[in-house]
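Descriptive structure summary
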Amino acid sequence: MKAVISASRDNLLGLDKSDLRELAALCEEPQFRGAQLFRNIYARRQRDFAECTELPARFRHLLSSRYRVDYPAIKARIASRDGAVRYLLSLHDGENVETVFMPDEGRLTLCVSSQVGCAVNCHFCFTALLGVKRNLEAGEILGQVMAVTAAQRIPPATPFNVVFMGMGEPLLNLAPVMKAVRILADRDGMAIPLRRITISTAGIVPKIREMARETVRPKLAISLNASTEEQRTALMPLNRKYPLSELLQACREFPLGSRERLTFEYVLLDGINDTDSDAQRVAALLGGIRSKVNLIPYNAGPDLPYRPSPLRRVLAFQKILQDHHIPAFIRISRGQDIMAACGQLRLAGMESETAPVDVAPSVSPG
Ligand code: SF4
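Described below are features of the structure shown in this document. Everything numeric in this text was worked out from a predicted model, so none of it was measured.

Moving on: the side chain of glutamate 260. In this fold, glutamate 260 is placed in the loop between α10 (244-253) and β10 (262-268). Buried charge without a salt bridge: glutamate 260, with arginine 217 as the nearest opposite-charge side chain at an N-O distance of 5.5 Å. Looking at glutamate 260, its side chain comes within polar contact range of the main-chain nitrogen of glycine 257, at 2.9 Å. For glutamate 260, the residues in contact, after removing those within four places along its chain, are Lys219 and Arg290.

Printed below as a string of structure tokens:
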């Protein structure tokens, strides 16, 4: 416990109920005070211990003198014409991550990062150009949700979705990601139903199997993006280590709720992976997996050689999947007017507080 507290520099964000029970015990308070503190930090989003009035005055004073509840600072905020807002958040060591708020016909979604940068090196992804700096702690993942919901003035108890599709490969940082998920889903925490939380992976097969064994399990999305082993290896070198055949076998074995489907994300790249034959092969690959496919026309930007597939190709691809009874949805990246995929804010060097500018967010394909 001491190690947890000092590792996060006395910031209590990221500690779960059992950590906080232990903290209460260290402060010579009954353990149920830890559960009350948990509710104050996550459900009520209380940052000032003096306002936690259900706690006894002695405990509040002790907390105020020793600990803090810190959210990441907002370094830049860029609003899109379509309502999406991209945030650049600054962490305690000066590193930055991106978090995207996406409102869509009454549905609110937060796209969070799991690492600073990413090591996976998908060739169509801007975050890959950054490399990986470090993993995020659970508190830094939760801090993104806290900071952005506060900035967007989203009251506690408002339903929203959380997708791990920002910077980083969540399954390469599984323990802190799952700790954050459990706090997000806890009824005394942020009370977000698991069906509203999605972890998206480029396909780290052993970690998919590990996630399959979790008792508190969010939804899983797989970034597919290709219809053959060769094509996938060319776009996602990770496929050499975890080939499509092994990935799909892990998907077949992944436990699903009675009405749940695995999501496969497929970024459509003009002339690369968007032919009718690709669609036929994807339909064949997904045979026997209860799945749906999100087709994402590529959101082009500088520095990468890919172009988005034309709409007629997107529609043709969708029709072929639907003809094979695979639900297929076209997901237009949000915030096309304020730049493309995750990582671009950092790459663009926009690392100081900026006024909203006319450039928009989307999610990183992985
Ligand atoms: S698409 Fe996802 S997994 Fe691939 S490099 Fe980008 S952030 Fe990493």
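Let's shift gears to the pattern of salt bridges. As enumerated under the stated definition, the model contains 18 salt bridges in all. For glutamate 54, the salt bridge identified is with arginine 44, shortest N-O distance 2.6 Å. Of this pair, glutamate 54 sits in the loop between α3 (32-42) and α4 (57-66) while arginine 44 sits in the loop between α3 and α4, and the two are ten residues apart along the sequence. Residue arginine 44 is classed as partly exposed on the basis of its relative accessible area of 43%. In this structure, the salt-bridge partner of arginine 209 is glutamate 253, at a minimum N-O distance of 2.5 Å. Of this pair, arginine 209 sits in helix α7 (residues 205-212) while glutamate 253 is found in helix α10, placing the two residues 44 residues apart along the sequence. For arginine 209, a relative accessible area of 31% corresponds to the partly exposed category. The class of glutamate 253 is partly exposed, set by a relative accessible area of 45%.

With that settled, consider the pairing of strand β4 (residues 107-111). Counting buried positions along β4 gives four out of five residues, so the element sits mostly inside the fold. As paired strands, strand β3 (residues 96-104) and β4 are joined by five bridges and run antiparallel to one another. When the sheet's bridge partners are listed, methionine 102 is paired in β4 with threonine 109. Taking the residues between adjacent antiparallel strands as the criterion, β3 and β4 are bridged by two residues, where glutamate 105 takes a positive phi near 45 degrees. Where β4 and strand β7 (residues 161-164) come together, three bridges link them in parallel fashion.

On to α3. Think of an α-helix as 3.6 residues a turn; residues three or four steps apart then line up on the same face. Of all the eleven residues making up α3, nine are buried; the element is thus mostly covered by neighbouring parts of the structure. Those residues of α3 not exposed but buried are Arg33, Gly34, Ala35, Gln36, Leu37, Phe38, Asn40, Ile41 and Tyr42. On its buried side, α3 packs onto α2 (17-26), α4, α5 (138-151) and α6 (174-185).

Looking now at the nonpolar core. The biggest cluster of nonpolar side chains holds 103 residues, and the ones touching the most others in it are Leu12, Leu37 and Phe264. Sequence-distant contacts of phenylalanine 264, that is, excluding residues within four places in its chain, are made with Ile222, Leu224, Leu248, Cys251, Leu286, Ile289, Ser291, Lys292, Val293 and Asn294. Core analysis: the next-biggest nonpolar cluster, separate from the first, contains seven residues, Ala84, Cys111, Val163 and Met165 among them.

Further remarks concern the pairing of β3. With respect to burial, β3 is a largely interior element, seven of its nine residues being buried. Once strand β2 (residues 85-90) ends, the chain turns through five residues before running back antiparallel as β3, passing glycine 94 with a positive phi of about 90 degrees.

About the cut-offs
Residues numbered from 1 in each chain as written. Predicted model: local features only at pLDDT ≥ 70, side-chain atom pairs only at ≥ 80, totals over all residues. Heavy atoms only, no water. Helix = DSSP H or I, 4+ residues; strand = E, 2+ residues; numbered from the N terminus. Buried < 20%, exposed > 50% of the residue type's maximum accessible area, 1.4 Å probe, protein only. Lys, Arg positive; Asp, Glu negative; His and termini not counted. Salt bridge = Lys/Arg side-chain N within 4 Å of Asp/Glu carboxyl O. Polar contact = N/O pair within 3.5 Å; in protein donor to acceptor, adjacent residues only side chain to side chain. Contact = heavy atoms within 4.5 Å. Pairing = 2+ DSSP bridges. Core = buried A, V, L, I, M, F, W, Y, C linked by side-chain atoms within 4.5 Å.

Note that every value here comes from positions in space, so none of it alone points to a role or purpose.
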